[in-house]
Amino acid sequence: MYDAIVIGAGPAGLQAGLTLGRMHRKTLVLDSGEYRNGTVAHMHNVLGDDGTAPDDYRARARKQLAEYPDVEFSPGTVARISGTVDDFTVHFPDGHSEDTRRIVLATGVVDDLPSVVGLDDLWGRRVFACPFCDGHEFDGEEIGVIGAGPRAAHLIGMLGRIAAGITVFPIDTDLPEDLAALGTTGVQVAPAVEAVAAAGEGVTVTAGGKEHPLAGLFVAAGTFHQRGAFIADLGLRMLDSGGIEIDDFGRTSVPGITAAGDLAHRASMPGPMPSVIQAAAAGQLAASAVVQELSV
């Protein structure tokens, strides 16, 4: 039996594995090979790794973890989890299973983008969501924001001091009052977006039958859902954001299950922060909670 099975091998899961390995806890880290930043060429706002490719970051972390004999890696996904604290069973799609005393959920989330032609193809490359991660790269450039909802004003407030100009492209679900509110932000409001496409190093947005050349785009209208389908069957307390509710140490409402990364956050926060550093810190806290419980 494992002391812990960590489900997910992004920054949260890798850090959880490292923390558990250093405390000589028998740990299995499961890697689906799918990551929220899987399409991203370079990470930013990551101290010591600003500009590093996510693939390189993960590869270096796995190499370091391989030095710890108590940590094992396995590719694949989870079908379901049964049992209770100190006696969980993780079931896999091929029919085999593994037993563990604790679970660390680090599967992350999947972004649900507005239904705009070409948007999925450019996601993480020329279309972004996080101004902390990607805003600086558009210093002095003309950029666009897709969606005119409440988050648009939030993005404009942060990106306005970086970009030379911002054009908002509404989507079909935007409300008239949201569009009216943008009149005080000093941005241009174009007709509803129809399609986006790569153009040289930038993008072209088609709206109202006209093409708008821009350096890049940010999405203000996206949502997300849990990557692990099995999570819905665990009976975890969920938040309005779609995230799993956790306490300060990453403990969920189900004893023995902790969660780390952008799939979970505290109720005091409006939502999870899509940040590599935050995810790694959360993985360390969740693993620390496991060690504390098993040491009692």
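I will try to describe carefully the structure that is included in this document.

Each value, and the rule that gives it
Residues numbered from 1 in each chain as written. Predicted model: local features only at pLDDT ≥ 70, side-chain atom pairs only at ≥ 80, totals over all residues. Heavy atoms only, no water. Helix = DSSP H or I, 4+ residues; strand = E, 2+ residues; numbered from the N terminus. Rg over C-alpha atoms; globule rule 2.2 N^0.38 Å. Buried < 20%, exposed > 50% of the residue type's maximum accessible area, 1.4 Å probe, protein only. Contact = heavy atoms within 4.5 Å. Areas by Shrake-Rupley, 256 points an atom, 1.4 Å probe, with all protein chains shown as cover. Lys, Arg positive; Asp, Glu negative; His and termini not counted. Charge placed at Lys NZ, Arg CZ, Asp CG, Glu CD. Core = buried A, V, L, I, M, F, W, Y, C linked by side-chain atoms within 4.5 Å. Salt bridge = Lys/Arg side-chain N within 4 Å of Asp/Glu carboxyl O. Pairing = 2+ DSSP bridges.

Concerning the overall build of the protein
So, point 1. The helix and strand tally for the protein stands at seven helices and 19 strands.
So, point 2. The C-alpha atoms of the protein give a radius of gyration of 21 Å, which matches the 19 Å a tight globule of 296 residues would have.
So, point 3. Each of the 296 residues in the protein was classed as buried or not, and the buried ones make up 49%.
So, point 4. Relative to all contacts within the protein whose residues are 6 or more apart in sequence, the contacts with residues 24 or more apart total 58%.
So, point 5. In the form shown here, the protein has an accessible surface area of approximately 14100 Å², with 51% of it arising from carbon and sulfur atoms.
So, point 6. Placing the 20 positive and 38 negative side-chain charges of the protein at their respective mean positions leaves the two points 7 Å apart.

A look at the nonpolar core
So, point 1. In terms of nonpolar packing, the biggest core is built from 25 residues, with Ile7, Ile81, Ile103 and Leu105 touching the most fellow members.
So, point 2. Among the elements of the structure, strand 1 (2–7), strand 2 (27–31), strand 5 (87–91), strand 6 (97–105) and strand 18 (257–259) are those that each provide at least two residues to this core.
So, point 3. With three residues, strand 1 is the largest single contributor of residues to this core.
So, point 4. Every residue in contact with Ile81, bar those within four places of it in the chain, is listed here: Ile7, Phe88, Thr89, Val90, His91, Ile103, Phe230 and Leu234.
So, point 5. By size, the runner-up hydrophobic cluster in this structure holds 20 residues, among which are Ala9, Ala16, Val71 and Ala287.

Notes on the pattern of salt bridges
So, point 1. Within the structure shown, the criterion is met by 14 salt bridges.
So, point 2. Residues Asp31 and Arg62 are paired through a salt bridge, measuring 2.8 Å at the closest nitrogen-oxygen approach. Highlighted residues: Asp31 in strand 2 and Arg62 in helix 2 (residues 54–65), separated in sequence by 31 residues.
So, point 3. On the basis of relative accessible area, Arg62 is assigned to the partly exposed category, the value being 33%.

Some remarks on the pairing of strand 14 (residues 210–214)
So, point 1. Pairing geometry for strand 13 (residues 202–207) and strand 14, over five bridges, is antiparallel. Bridge pairing links Thr206 to Glu211 in strand 14.
So, point 2. Joining the antiparallel neighbours strand 13 and strand 14 is a turn of two residues, in which Gly208 adopts a positive phi near 60°.

A short note on unusual backbone geometry
So, point 1. Although it is not a glycine, His24 sits at a positive phi angle of roughly 60°.
So, point 2. With respect to the helices and strands, His24 occurs in the loop between helix 1 (11–22) and strand 2.
So, point 3. Here Asn45, not a glycine, exhibits a phi torsion of approximately 60°, which is positive.
So, point 4. Following the sequence through the fold, Asn45 ends up in the loop between strand 2 and helix 2.

Such coordinate-based values are descriptive only and should not be taken to indicate function.
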